[in-house]
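Given next are the chains, with one letter for each unit.
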Amino acid sequence: MIYDTILHGGSLIDGTGAAVRAADVAIAGDRIAAIGDLGAAQAGSRIDCTGRVVSPGFVDAHTHDDAALLDFPDLPMKTSQGVTTVVAGNCGTSLAPVDLDREPPPPFDLLGGRAAYRFKRFGDWRKALAETPAAVNSIGLIGHSALRLGTMDRFDRPADAGEILAMAKMLDGAMREGAVGLSTGLFYAPARMAPTRELVELARVASAAGGLYATHLRNEADYLEEAVEEALAIGIAADLPVVLSHHKAAGKSNHGKVATTLARIDAARKTQRIALDVYPYVASSTVLTGDRVRNSAKVLISWSKPIPEAQGRDLAELAAERGLDIEAMCAALQPAGGIFFMMDEDDVRRVLAWPEAMVGSDGLPHDTHPHPRLWGTFPRVLGHYARDLKLFPLEEAVRKMTSLPARRFGLKDRGVLRAGAFADIAVFDAASVLDQANFAEPKRVASGIERVFVNGTCVWQNGTPTGARPGRALALDRAALDYAA
Ligand code: ZN
Ligand code: CU
């Protein structure tokens with residue numbers, strides 16, 4: 001047998017958490033064909049990986065890449081970090097199934113403008129991705145707020161029985177077309193007035209199709225614990241896995257609360273299926289809202305339609321310059337996005353180190369001055385938290401970003417390096433891997449990620465995308481969802 005490619009001489013971290021070992025990896029077509037001592041084997045190309053780690057490509061467990069997959073299909077912000085699969089449609093705001101004839105209201109504007117919202121059916125979005133593929137694989141959630149946008153005339157009330165039925169029908173259609181589950185963004189205006197029973201009814205539709213429920217909680221600040229209880233209750237009532245998005249405690253008076261929520265989740269995991277993702281920063285980022293500003297020690301502007309030059313600037317400084325109070329300055333910037341310094345470093349570490357924590361960037365690819373998590377999340381976990389701070393071993397860092405999310409989202413034959421698995425692979429230098437993006441310069445490419453393969457094809461090398469777009473729009477594989485310990 002002549003393989004297409006052999007990555008030889010590298011240190012293999014297989015993604016399961018097993019210790020690093022020396023092994024060559026052979027690729028044939030879109031799969032890993034062999035692992036071991038392949039010194040005598042033949043290959044079209046042989047890549048020297050001496051002194052480098054060869055690991056599964058990373059799964060970005062929480063993204064807003066629905067439109068970015070189509071708008072900038074090389075996705076250097078993903079591949080430069082070693083990411084090979086993204087989970088889209090988070091926080092209630094999926095692109096599909098929404099066909100808009102007007103500008104999207106916040107927070108839908110985080111995914112792009114009106115032109116982005118052209119997929120009446122989830123299957124249309126997957127079809128577009130099949131016709132014009134991206135560099136990375138994707139799987140999509142259906143946003144509860146998106147269902148409301150397509151069904152309700154106003155958001156400041158619960159959906160009535162007819163509207164719930166209409167949303168359930170849309171969701172059911174999307175699940176049949178391969179969506180992985182339902183997402184909510186209960187903190188945001190389009191969903192805030194939805195009572196728990198509305199969510200249970202929709203979660204039951206996702207459950208019947210074998211999918212999951214991913215949630216941006218109703219509250220991540222003073223009522224964090226209550227919001228976790230609601231999410232767990234929805235999981236039980238609808239009998240489906242719950243993914244708690246970007247777990248955190250926001251606002252100084254709430255710092256430390258994640259110790260309580262993690263203990264609660266640990267206890268609940270004995271009787272229900274729960275997963276959780278986190279990004280490795282003390283600042284959050286989303287649309288600019290007063291309640292976020294009030295919970296933050298500092299706010300940076302990530303974009304503003306009327307005042308584009310405000311991007312990257314400190315909100316308090318901008319207000320002082322213009323002689324405005326913070327509230328008036330916020331109003332002048334709208335519509336706008338912000339970066340909110342509202343978490344505690346100890347909490348970030350506590351959540352990251354929790355054995356069940358997956359890594360999700362929550363990056364916002366359309367922001368003009370994005371949060372650095374968009375370009376830095378995965379190298380930051382590998383370099384800063386695992387290597388430099390020794391929060392956990394490198395093998396554990398890799399597990400959190402590969403096999404763990406692959407099992408929780410049902411990505412069959414991905415997230416591990418073994419013969420027969422898809423050849424989604426990252427080759428990196430463990431000594432130099434590190435995020436370079438920061439709050440002042442958020443689009444800097446991380447160091448140390450040398451080569452990235454998606455379905456056997458190289459998408460990133462020599463610090464640049466190769467231009468290849470082998471990514472696949474994956475569908476829910478209900479048999480592959482795995483929530484065992
Ligand atoms: Zn969110
Ligand atoms: Cu999000």
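Residues numbered from 1 in each chain as written. Chains lettered and ligands numbered in written order. Predicted model: local features only at pLDDT ≥ 70, side-chain atom pairs only at ≥ 80, totals over all residues. Heavy atoms only, no water.

(A) Expanded view of the overall build of the chain. Across its full length, the chain carries 16 helices and 24 strands. At 21 Å, the chain has a C-alpha radius of gyration in line with the 23 Å of a compact globule built from 485 residues. Along the first, second and third principal axes, the C-alpha atoms of the chain reach 70 × 50 × 45 Å. A total of 485 residues make up the chain; the buried ones form 60% of that total. Summarising the internal contacts of the chain: among those between residues at least 6 apart in sequence, 75% fall at separations of at least 24. (Helix = DSSP H or I, 4+ residues; strand = E, 2+ residues; numbered from the N terminus. Rg over C-alpha atoms; globule rule 2.2 N^0.38 Å. Buried < 20%, exposed > 50% of the residue type's maximum accessible area, 1.4 Å probe, protein only. Contact = heavy atoms within 4.5 Å.)

(B) Highlighting the coordination of the copper ion (ligand 2). Looking at the copper ion (ligand 2), one finds its protein donor set to be His 62 (NE2), His 64 (NE2), Cys 91 (SG) and Asp 362 (OD), positioned 2.1 to 2.4 Å from the metal centre. Donor residues for the copper ion (ligand 2) sit on one chain with the sequence pattern H-x1-H-x26-C-x270-D. For the pair the copper ion (ligand 2) and the zinc ion (ligand 1), the metal-to-metal distance amounts to 3.0 Å, and Cys 91 bridges them. You can see His 64 sitting in the loop between strand E8 (58-60) and helix H1 (68-71) and its partner Asp 362 sitting in the loop between strand E20 (357-359) and helix H14 (373-388), a full 298 residues away along the chain. The class for His 64 is buried, based on a relative accessible area of 4%. A relative accessible area of 6% places Asp 362 in the buried class. (Donors = N, O, S within 2.8 Å, 3.2 Å for Na, K, Ca; no water.)

(C) Layout of the state of the cysteines. Considering all chains together, one arrives at zero disulfides under this definition. With no disulfide of its own, Cys 458 lies closest to Cys 49 among cysteine sulfurs, the gap being 10 Å. (Disulfide = S-S within 2.5 Å.)

(D) Seen up close, the packing of helix H4 (residues 144-151) against helix H5 (residues 161-176). Where H4 meets H5, the closest approach of the two axes is 10 Å, and the angle between their N-to-C directions is 120°. By the angle class used here, H4 and H5 are oblique. Pair H4 / H5 crosses with right-handed handedness. Listed contacts from H5 to Leu 147, Arg 148, Gly 150 and Thr 151 of H4 are Glu 163, Ala 166, Met 167, Met 170 and Leu 171. Taken together, the residues that form the contact of H4 with H5 break down as five nonpolar, two polar and two charged. (Axes fitted to C-alpha atoms, helices over the stretch in contact; angles between N-to-C directions. Parallel < 35°, antiparallel > 145°, perpendicular 65-115°, else oblique. Left-handed = near helix turned anticlockwise from the far one by under 90°. Nonpolar A, V, L, I, M, F, W, Y, C, P; charged D, E, K, R; others polar.)

(E) Molecular detail of the nonpolar core. In this structure, Trp 125, Leu 212, Leu 288 and Leu 333 are the most contacted members of the largest nonpolar core, which totals 138 residues. A domain split of this core shows at least three residues from each of domain 1 (58-291 + 340-411) and domain 2 (292-339). Excluding residues within four positions of it along the chain, Leu 333 makes contact with Leu 288, Ile 301, Ser 304, Lys 305, Pro 306, Ile 307, Ala 310 and Leu 315. In terms of nonpolar packing, the next biggest core, distinct from the first, is built from 15 residues, Leu 7, Cys 49, Val 54 and Cys 458 among them. (Core = buried A, V, L, I, M, F, W, Y, C linked by side-chain atoms within 4.5 Å. Domains from an automatic or database assignment.)

(F) Geometry of the domain arrangement of the chain. Examined at the domain level, the chain breaks down into domain 1 (58-291 + 340-411) and domain 2 (292-339). For domain 1 and domain 2, the distance between their C-alpha centroids amounts to 25 Å. Counting from both sides, the interface comprises 25 residues of domain 1 and, opposite them, 22 residues of domain 2. For the domain 1 and domain 2 pair, buried surface summed over both sides reaches about 2,100 Å², with 55% attributable to carbon and sulfur atoms. The three residues of domain 1 that bury the most area against domain 2 are Leu 288, Phe 341 and His 369, which together make up 36% of that side's buried surface. (Buried area = accessible area lost by both parts, 1.4 Å probe.)

(G) Region of interest: H5. Compared with the 22 Å implied by 1.5 Å per residue over 16 residues, the 22 Å span of H5 between its first and last C-alpha is a close match. Turning to H5, its buried residues are Glu 163, Ile 164, Met 167, Ala 168, Leu 171, Gly 173, Ala 174 and Met 175. Those residues of H5 that are buried are in contact with helix H3 (122-131), strand E12 (137-143), H4, strand E13 (181-185) and helix H7 (196-208). Two or three places before Gly 162, at the opening of H5, Asp 160 has a side-chain oxygen 3.1 Å from that residue's backbone nitrogen. (Expected span 1.5 Å × (residues − 1). Polar contact = N/O pair within 3.5 Å; in protein donor to acceptor, adjacent residues only side chain to side chain.)

(H) Local environment of helix H12 (residues 326-333). Of all the residues in H12, the buried ones are Met 329, Cys 330 and Leu 333. Each buried residue of H12 lies within a common arc of 100° when the element is viewed along its axis, so the set occupies one face. Facing away from the buried side of H12, by more than 90 degrees, are the exposed residues Glu 327 and Ala 331. The inward-facing, buried residues of H12 abut helix H10 (290-294), strand E18 (298-304), helix H11 (315-322) and strand E19 (336-341). (Arc of directions from axis to C-beta.)

(I) Looking closely at the coordination of the zinc ion (ligand 1). For the zinc ion (ligand 1), the full set of protein donor atoms is Cys 91 (SG), His 216 (ND1) and His 246 (NE2), at a range of 2.1 to 2.2 Å. Taken in sequence order, the residues that donate to the zinc ion (ligand 1) follow the motif C-x124-H-x29-H. The buried category is assigned to His 246, whose relative accessible area is 2%.

(J) Region of the structure containing the sheet that holds strand E5 (residues 31-36). If you walk across this open sheet you meet the four strands as E5-E4-E1-E6, and the pairing is mixed. In the strand order of this sheet, the two ends are held by E5 and strand E6 (42-48), each with one partner. Adjacent strand axes in the sheet meet at a mean angle of 25°, parallel and antiparallel pairs treated alike. In this sheet, strand E4 (residues 24-28) lies alongside strand E1 (residues 2-8) in antiparallel orientation, the contact comprising three bridges. Opposite Thr 5, over in E4, you have Ile 27 as the bridge partner. (Pairing = 2+ DSSP bridges.)

(K) Fine view of the sheet that holds strand E17 (residues 283-287). Taken together, the three strands give an open sheet; going across it, the order is E17-E19-E18, and neighbouring strands pair in antiparallel fashion. A strand with exactly one partner marks an edge of an open sheet, and here the two such strands are E17 and E18. The sheet shows a mean angle of 20° between the axes of neighbouring strands, direction not considered. One ladder, built from six bridges, connects E18 with E19; its direction is antiparallel. If you follow Val 299 over to E19, its bridge partner there is Phe 340.

(L) Representation of the pairing of E4 within the structure. Burial within E4 is extensive, with four of its five residues counted as buried. Pairing analysis gives five bridges linking E4 to E5, with the strands arranged antiparallel. What sits directly across from Ala 28, in E5, is Arg 31. Hairpin connection from E4 to E5: two residues lie between these consecutive antiparallel strands, with Gly 29 at a positive phi of about 65°.

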